[in-house]
Amino acid sequence: MTTDTRFDWPVRIYYEDTDAGGIVYNANYLKFMERARTEWLRSLGIEQDGLLDQGVAFVVRRVELDLLKPARFNDALTVTVTVKKLKRASIVFEQEILDDAGLSLVRGMVQIACVKIPHMKPFAIPEPLMGVLSGAR
């Protein structure tokens, strides 16, 4: 199942996000994307701590990043989340980080797997959750 509904989450670049030259350190883009996915879930009424209480977690399986242009200290950015593929036990997201003019700084693909804790084995996304995710398009 695919969807093209985009979720946007604002991010401000703080000094702690940058290197000595005021440029965002590359690993921080992954953090911004993670936060946007968490807020996307939250916007659907899904809290990940509730899933953890049920022994279910979403873990990153695969990431591709294309770093096009650097962000700098104090920039106001938008991090996007778009579900490209919803499968039985995984979700593929396309994500983008845009500057305040809407220009793409970073593009990424993140594949998330649903696992059962504590063994971290693949697990089908629970039906009630799948219903919410399917309706989020």
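Scroll up to find the structure.
These remarks concern the structure in this document. (Residues numbered from 1 in each chain as written. Predicted model: local features only at pLDDT ≥ 70, side-chain atom pairs only at ≥ 80, totals over all residues. Heavy atoms only, no water.)

Here's the deal with the nonpolar core
Consideration 1: One finds Phe32, Trp40, Phe58, Ile91, Ile97, Ile125 and Leu133 to be the most contacted residues of the largest nonpolar core, which totals 32 residues.
Consideration 2: Looking at this core, the elements that each hand over two or more residues are β1 (6-12), α1 (27-43), β2 (56-67), β3 (76-86), β4 (90-98), β5 (104-116) and α3 (127-134).
Consideration 3: Among the elements that take part in this core, α1 stands out by supplying six residues, more than any other. (Core = buried A, V, L, I, M, F, W, Y, C linked by side-chain atoms within 4.5 Å. Buried < 20%, exposed > 50% of the residue type's maximum accessible area, 1.4 Å probe, protein only. Helix = DSSP H or I, 4+ residues; strand = E, 2+ residues; numbered from the N terminus.)

Here's the deal with unusual backbone geometry
Consideration 1: Backbone torsion omega between Ile117 and Pro118 reads 10°, so that peptide bond is classified as cis.
Consideration 2: Relative to the elements of secondary structure, Pro118 occurs in the loop between β5 and β6 (121-122).
Consideration 3: Positive phi, normally seen in glycine, also occurs at Asn74, with a value near 75°.
Consideration 4: Structurally, the position occupied by Asn74 is in the loop between β2 and β3.
Consideration 5: Its relative accessible area of 46% is what places Asn74 among the partly exposed residues.
Consideration 6: A positive phi angle, near 55°, is found at Met120, a position not held by glycine.

Topic: the environment of Gln111
Consideration 1: Relative to the assigned elements, Gln111 resides in strand β5.
Consideration 2: Considered as a pair, Gln111 and Ser134 are 23 residues apart in the sequence and their alpha carbons are 17 Å apart.
Consideration 3: Among residues more than four places away in sequence, those in contact with Gln111 are Val59, Val60, Arg61, Arg62, Ser90, Ile91 and Val92. (Contact = heavy atoms within 4.5 Å.)

Focus: the environment of Leu103
Consideration 1: The topology assignment puts Leu103 in the loop between β4 and β5.
Consideration 2: A C-alpha to C-alpha distance of 35 Å links Leu103 and Leu51, two positions 52 residues apart in sequence.
Consideration 3: With sequence-adjacent residues up to four places away left out, Leu103 is seen in contact with Ile97 and Leu98.

Things to note about the packing of aromatic side chains
Consideration 1: Considering all chains together, one arrives at four aromatic pairs under this definition.
Consideration 2: For the pair Tyr15 and Phe73, a centre-to-centre distance of 5.9 Å together with 85° between the ring planes defines the contact as edge-to-face. With Tyr15 in the loop between β1 and α1 and Phe73 in the loop between β2 and β3, this pair connects stretches of sequence that are 58 residues apart.
Consideration 3: Over the face of the ring belonging to Phe123 we find Lys116, whose NZ or CZ atom lies 4.9 Å from the ring centre. (Phe/Tyr/Trp six-rings, centres within 6.5 Å; stacked < 30°, edge-to-face > 60°. Lys NZ or Arg CZ within 6 Å of the ring centre and 35° of its normal.)

Section: the pairing of β4
Consideration 1: In terms of residue burial, β4 counts as a mostly covered element, since seven of its nine residues are buried.
Consideration 2: One ladder, built from eight bridges, connects β3 with β4; its direction is antiparallel. Considered in β4, the bridge of Thr80 is made with Glu96.
Consideration 3: Between the antiparallel neighbours β3 and β4 lie three residues.
Consideration 4: Where β4 and β5 come together, nine bridges link them in antiparallel fashion. Residue pairing for β5: Ile91 is matched across the bridge by Ile112.
Consideration 5: Linking two consecutive strands that pair antiparallel, namely β4 and β5, is a turn of five residues; a positive phi of about 85° is found at Gly102 within it. (Pairing = 2+ DSSP bridges.)

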